[in-house]
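# Secondary and tertiary structure notes
Single-letter residue listing:
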Amino acid sequence: MTRDRSGRSPVVCGVDIGSTNTKVVALTPQGAVVARRRRTTPRGAVDLSVDAQHLLFAIEEMILDICSDTYRVHAVSVAGVGEDGVLVDDALTPLTPALAWFDTRRADVFADLAPRLRPDAALCTADDAARTLVGWRWATDQPGASQARSWVALTDYPSSVWTGTPFFSDTLAARTAAWDGHSRRWIDDRVAAGIGTAALLPPVRRAGDVIGGFLSDRLVTAGVIDPDAVVVAGGHDHPIGGWGVHAMDPGAVLDSMGTAEVVVAQAPEAGIPRSDDLDVAPGILSAGTTVLSVEELARNVEWASQDAAVGARLQEMISGDTPPDDYLHAPVFVPGSRGGALPRYTPDAPTSPLSRASAVLGALARIGARAQDAVAACLPGQPAVYAAGGWSRSPGWVETKKAVTGRDLTVIPEPQVTATAAALLAATAIGWDTDPATAMGMTAHLDHVGAHA
C-alpha cells in the first residue's frame, strides 16, 4: 500500500449515523475496506434523543481508532438518519437535543401542525409525524431556542462542525416535508409553520459537494487528517447506499432490509413525482431522481411474535432452520399499513404456528416485491437487485423472498453498505479512481456475471 508524505497510508472515511448504531469505514484509493468501527448511537436513557456533541465525539473516537499510526484521512463524508436535527448557536453548539424520528412525542406535535399544512404536489415525501418539520416545531418550543442561529440535521452536524460551515444536504432537505425537490426551494408556508423562518435554514448542498477543509483541532492535532483533506456532503442513508450500489452496477436497485425494508435506486429521469408508493429525492452526482419505497418489516414480525409459538417458527424460518409450509403463498396475513394500522390475520387464517408464520413471511415478501416494482418502474430495462441490511444475512428470509417473488437477489458481502458508499462519495470528490465493486466485496460476482453476459 502506498504511503503519503506523512508516512501513513491514505484513506477516505465514510460515516453512517444510524438509529441504533453509528459506523465508520476506511477505504483505500483502490477501494479496499481496511477498517470498520461501530458504536451505539448515543441516546438519552429516558427520551432517546441524541446529544449531537456526544455523537460527534464518538465519531471522532472511531476515526482516531481506525487511523492510529497507520492511516491518514484525505476526505470524509457522512450519511445517516433522515429527519433528526438540532438548533445551534453561532459557534455551532447545539441548543436542543435531536428528537428521534420515531419519538412518540412527535404525534401530538404533528396533530397540532397538520391542520396548517396545505397539500403540495412538489413535496418529496408524504406528511407524517416523522418528518423534519415536526422536529422543527418541537425544537423551537424548547428552552434556549431563542438563541438559535441555524438548524442543522443530525447527519450533517459532524461535517458542519469540521468545516465551520452549517449546511443542509439535499437528500435530507427532501425528508423535511417543507422542500420542493424540483425547484430546490423551501415551501414558505410549511417553513413558517415548522421552524418559523427560512433564516434558520442553512444553504442546501448536493451530495458529493466539497463543503470545505477540515478544521477539527482534535483530529488535525492527532495527525490523522491530511492538511489538504476535505469534508464532502453526504446525506440520507438510503439514497447514499443506493448510489453506492449504482456506482458498482449502473441502474441497479438496492433492497435494504433492516427495521424497515427500503428499496432505492438512482433513476435517470429528472423530476419524477412522489406517489403513495414512492418517495423521491435529488439524484446523486446526476440530473436524475433518487426513488425509494419503504415498507415495514420489524413491526409486523414483532406483532406476530406476541404468540410465542409463532415467533419461534418465524425465527427458525428466517434463519433457514425450518422451511415454510404452503401458507407462504396464502393471503391470510395483512401487514400493518403506514399511519400505524395494526397487522391482522384474516378470519380464515390457520391456527397452526408454522402456517401462521409462513403466511407472515409470505406477506412481507410480497409487499417487498411491490416496493421493488414501484422503484423498478422508474428504471430502464430489468434492473439487477442487490440486498443489504441485517435481514439479508438470514438465508431463510432471502430464499423466502426468492420463492415468493421468483426474482434473483444478490446479497452484498460488505456489511456496512451505507458507510462504504459514503466513503466512495468522498473518494469521488477528490478524484480517486476507486473501484466500487472492490469496496462492496462484489468483484468476483460482477466478473462472473460479465463472463456469462
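Bear in mind that the values here come from a model prediction, so they are computed numbers and not experimental data.

What counts, and at which threshold
Residues numbered from 1 in each chain as written. Predicted model: local features only at pLDDT ≥ 70, side-chain atom pairs only at ≥ 80, totals over all residues. Heavy atoms only, no water. Helix = DSSP H or I, 4+ residues; strand = E, 2+ residues; numbered from the N terminus. Rg over C-alpha atoms; globule rule 2.2 N^0.38 Å. Buried < 20%, exposed > 50% of the residue type's maximum accessible area, 1.4 Å probe, protein only. Areas by Shrake-Rupley, 256 points an atom, 1.4 Å probe, with all protein chains shown as cover. UniProt positions renumbered as here; feature names shortened; annotations may be inferred. Disulfide = S-S within 2.5 Å. Expected span 1.5 Å × (residues − 1). Polar contact = N/O pair within 3.5 Å; in protein donor to acceptor, adjacent residues only side chain to side chain. Phe/Tyr/Trp six-rings, centres within 6.5 Å; stacked < 30°, edge-to-face > 60°. Lys NZ or Arg CZ within 6 Å of the ring centre and 35° of its normal. Pairing = 2+ DSSP bridges. Contact = heavy atoms within 4.5 Å. Axes fitted to C-alpha atoms, helices over the stretch in contact; angles between N-to-C directions. Patch = residues over 30% accessible without salt bridge, like charges linked within 9 Å, V, L, I, M, F, W, Y side chains within 5 Å. Salt bridge = Lys/Arg side-chain N within 4 Å of Asp/Glu carboxyl O. Core = buried A, V, L, I, M, F, W, Y, C linked by side-chain atoms within 4.5 Å. Parallel < 35°, antiparallel > 145°, perpendicular 65-115°, else oblique. Left-handed = near helix turned anticlockwise from the far one by under 90°. Nonpolar A, V, L, I, M, F, W, Y, C, P; charged D, E, K, R; others polar.

With that out of the way, let us pick up the overall build of the chain. Secondary structure assignment for the chain yields 15 helices and 20 strands. Taking 453 residues into account, the globule formula puts the C-alpha radius of gyration at 22 Å, and the chain, at 22 Å, falls close to it. For the chain, with 453 residues in total, the buried portion stands at 56%. Total accessible area computed for the chain in this model is approximately 17,800 Å², and 52% of it derives from carbon and sulfur atoms.

Under the UniProt annotation, "domain: Carbohydrate kinase FGGY N-terminal" (unreviewed entry) lies at residues 12-239. Taken as a whole, residues 12-239 contains 26% helix and 28% strand, while its terminal C-alpha atoms sit 19 Å from one another.

Turning our eyes to something else, we now look at the state of the cysteines. Scanning the model with the defined rule gives zero disulfides in all. Not engaged in a disulfide, the cysteine C13 finds its nearest cysteine sulfur in C67; these two sulfurs lie 5.3 Å apart. In this model C124 remains outside any disulfide bridge; the closest cysteine sulfur is found in C378, 13 Å from its own.

Across its 16 residues, helix α1 (residues 52-67) extends 23 Å between first and last C-alpha, which sits within 8% of the 22 Å expected from 1.5 Å per residue. Taking the backbone nitrogen of Q53 as reference, a side-chain oxygen 2.9 Å away marks D51 as the first, capping residue of α1. Trailing α1 by a residue or two, S68 shows a phi angle of about 45 degrees, which is positive.

Not every positive phi belongs to a glycine, and S68 is a case in point at roughly 45 degrees. Mapped onto the fold, S68 is located in the loop between α1 and β4 (71-80).

Right, let's get into the packing of aromatic side chains. Per the counting criterion, the structure on display carries ten aromatic pairs. Relative to F333, the ring of W303 lies with its centre 6.0 Å away and its plane at 40 degrees, an arrangement referred to as tilted. Of this pair, W303 sits in helix α9 (residues 298-304) while F333 sits in strand β17 (residues 333-334), and the two are 30 residues apart along the sequence. Under the relative-accessibility criterion, W303 is labelled partly exposed at 23%. A relative accessible area of 4% places F333 in the buried class. Every member of this aromatic cluster is reached through a ring pair, and the members are W136, W151, F168, W179 and W186. For R356, the ring lying beneath its charged end belongs to Y345, and the centroid distance is 4.0 Å.

Adjacent strands of a sheet pair through backbone hydrogen bonds, lying either parallel or antiparallel. Spatially, six strands are ordered β15-β16-β14-β13-β19-β20 in an open sheet, and the strand pairing comes out mixed. Two strands bound the open sheet, and with one partner strand each, they are β15 (279-282) and β20 (410-411). Relative to strand β14 (residues 260-267), strand β13 (residues 253-257) runs antiparallel, the two being bridged by five bridges. From the neighbouring strand, D255 faces β14, where its bridge partner is V263. Where helix α8 (residues 237-248) meets the sheet, it contacts β13, β14, β16 (289-296) and β19 (385-388), and its direction lies at approximately 55 degrees from that of β14.

Taken together, L48, W101 and F102 make up a surface patch of nonpolar side chains, about 250 Å² in accessible area. By secondary structure assignment, the location of W101 is in the loop between β5 (85-88) and α2 (106-113).

Our next topic: the nonpolar core. W136, F168, W186, V291 and W397 are the most contacted members of the largest nonpolar core, which has 71 residues in total. No other element matches helix α11 (residues 353-376), which puts eleven residues into this core. In contact with W136, other than residues within four places in its own chain, are W151, F168, T176, A178, W186, V191, G194, I195 and L201. Within the second largest apolar cluster, 35 residues are counted, among which are V24, V50, V73 and L92.

Contact pair α8 / helix α13 (residues 417-429): the axes reach a minimum separation of 8 Å and the direction vectors enclose 70 degrees. It follows that α8 is roughly perpendicular to α13 by the angle criterion. Every pair of crossing elements has a handedness; the one defined by α8 and α13 is left-handed. Facing α8, whose interface residues are D237, I240, G241, W243, G244 and V245, α13 presents V417, T418, A421, A422, L424, L425 and T428. Split by residue class, the contact of α8 with α13 holds eight nonpolar, four polar and one charged.

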